[in-house]
Amino acid sequence: MNANNPYVVETNALTKRFGARVAVDNVDLRIPAGSAFGYLGPNGAGKTTLIRMLLGLTSISSGSVQILGQPMPSGRAEALARVGAIVEEPRFHRHLTGRENLHIVAAAREREAHARVDGALDRVGLAKRADERVKAYSLGMRQRLGVARALLADPELLILDEPMNGLDPAGMEELRLMIRRLVGEGRTVVLSSHLLDEVEKTADAIAIVDQGHIVVQGSIDELTGRAATVIVATSDDLRAQALLTGHGAEPAEGGLRIPIADDNATAAINRLLVEAGLDVYRLEPERATLERRFLEITSRLGEAA
């Protein structure tokens with residue numbers, strides 16, 4: 001990859017048609033190198049179709065794609081040698097063990113891939129279950145085995161389509177921490193998901209797609225925006241509310257909710273309460289959640305109401 005290129009994936013006017021239906025429509029996508037990137041959208045928005053186009057699994061109707069600096073599809077072999085991916089639910093030989101399945105995949109790659117099997121199993125928390133047959137695995141375990149399979153490529157870019165499906169909360173946290181470790185190693189991880197809370201906890205930046213279009217992309221902070229309110233809890237919230245009437249304070253769960261214009265307003269609120277002899281137990285910016293922004297942005301807002 002060109003050291004001057006900050007993106008591992010670039011698409012320009014990327015379009016996919018199935019007859020008269022346009023599944024991916026004129027998409028310009030930029031995925032920063034060394035980041036966890038969330039690719040979000042309602043069911044049927046075109047997320048999986050775009051991933052299949054990136055990987056060369058379905059043809060491009062028009063537009064262009066570059067992966068790790070390689071044009072697709074002409075540079076597909078060179079690019080995909082440095083890419084690991086899960087597309088939809090991962091499939092395995094159910095009569096074989098998890099370890100045996102990975103060694104079959106490793107046989108199609110470079111010799112070093114066999115040496116990565118044990119490390120990949122350990123990374124996804126399957127080291128102790130690796131010698132059990134896959135038919136005994138839960139859906140969540142098969143998801144984790146799919147991630148382990150993707151890691152055999154020692155990928156610069158890891159593309160995961162709904163990787164948290166079937167995982168319990170502990171499994172989601174393990175996967176989230178694993179993704180952050182991979183990003184810490186300088187890799188890029190792309191998550192296509194509908195689990196907005198998990199993506200918000202994991203990703204550095206996102207793109208939101210709706211009806212085949214990317215409607216917004218950028219960092220999580222840019223998309224959720226600066227906090228417009230703060231939640232305040234004190235030793236006497238009734239007295240605090242009286243003191244902050246001019247600031248628009250209203251009762252809220254866990255204290256008072258107060259609109260703010262900027263960080264100076266937060267400091268002024270804190271100073272007023274302390275000077276009045278109140279103990280301030282909580283003074284927390286309240287930001288819009290990714291879920292709220294997602295519903296505001298996509299055309300499904302009316303359907304969700």
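Heads up: the structure comes first, above all this text.
Predicted model only: the values in this text are computed from it and were never measured.

> In this structure, what is going on with the environment of Gly140? I would like to understand it.
Relative to the helices and strands, Gly140 resides in helix α6 (residues 139–151). Among the residues examined, Gly140 registers a relative accessible area of 4% and is labelled buried. Put simply, Gly140 and Asp168 are 28 residues apart on the chain and 7.6 Å apart in space, counted from C-alpha to C-alpha. Setting aside residues no more than four positions away along its own chain, Gly140 makes contact with Asn165, Gly166 and Leu167.

> When you look at the sheet that holds strand β8 (residues 188–193) in this model, what are you seeing that I'm missing?
One open sheet holds the 6 strands; their spatial order is β6-β7-β8-β3-β9-β10, and the pairing between them is mixed. Both outer strands of the open sheet, β6 (83–86) and β10 (213–219), are each paired with one neighbouring strand and no more. Geometrically, the sheet is characterised by an average inter-axis angle of 15 degrees between neighbouring strands, direction not taken into account. Sheet topology places strand β9 (residues 205–210) next to β10; 6 bridges connect them, and they run antiparallel. Bridging across to β10, Ile208 finds its partner in Val216. Sitting on the sheet, α6 touches β6 and β7 (157–161), and the angle it makes with β6 is about 165 degrees.

> Sorry if this is basic, but what is going on with the pairing of strand β13 (residues 255–259) here?
If a strand is regular, its side chains alternate between the two faces of the sheet. One ladder, built from 4 bridges, connects strand β11 (residues 229–234) with β13; its direction is antiparallel. Along β13, the bridge assignment pairs Ile231 with Arg257. Hairpin geometry of strand β12 (residues 250–252) and β13 is characterised by an intervening segment of 2 residues between the two adjacent antiparallel strands and by a positive phi of about 90 degrees at Gly254.

> What am I meant to see in the environment of Glu250 here?
Mapped onto the secondary structure, Glu250 falls in strand β12. Residue Glu250 is classed as exposed on the basis of its relative accessible area, which comes to 52%. For the pair formed by Glu250 and Ile231, sequence separation is 19 residues and the distance between their alpha carbons is 9.7 Å. When neighbours within four sequence positions are excluded, Glu250 is seen to be in contact with Gln241, Gly255, Leu256 and Arg257.

> Got a minute to help me understand the sheet that holds β13 in this structure?
Two modes of strand pairing occur in sheets, parallel and antiparallel, and in both the strands are linked by backbone hydrogen bonds. With antiparallel pairing, 4 strands are arranged side by side in an open sheet as β12-β13-β11-β14. The open sheet terminates on both sides in strands that have one partner only, identified here as β12 and β14 (280–286). Averaged over all neighbouring strand pairs, the angle between strand axes comes to 30 degrees, with direction disregarded. Looking at chain direction, β12 and β13 are connected through 3 bridges and run antiparallel. Counted as the bridge partner of Glu250 is Arg257 from β13.

Thresholds applied
- Residues numbered from 1 in each chain as written.
- Predicted model: local features only at pLDDT ≥ 70, side-chain atom pairs only at ≥ 80, totals over all residues.
- Heavy atoms only, no water.
- Helix = DSSP H or I, 4+ residues; strand = E, 2+ residues; numbered from the N terminus.
- Buried < 20%, exposed > 50% of the residue type's maximum accessible area, 1.4 Å probe, protein only.
- Contact = heavy atoms within 4.5 Å.
- Pairing = 2+ DSSP bridges.
- Axes fitted to C-alpha atoms, helices over the stretch in contact; angles between N-to-C directions.

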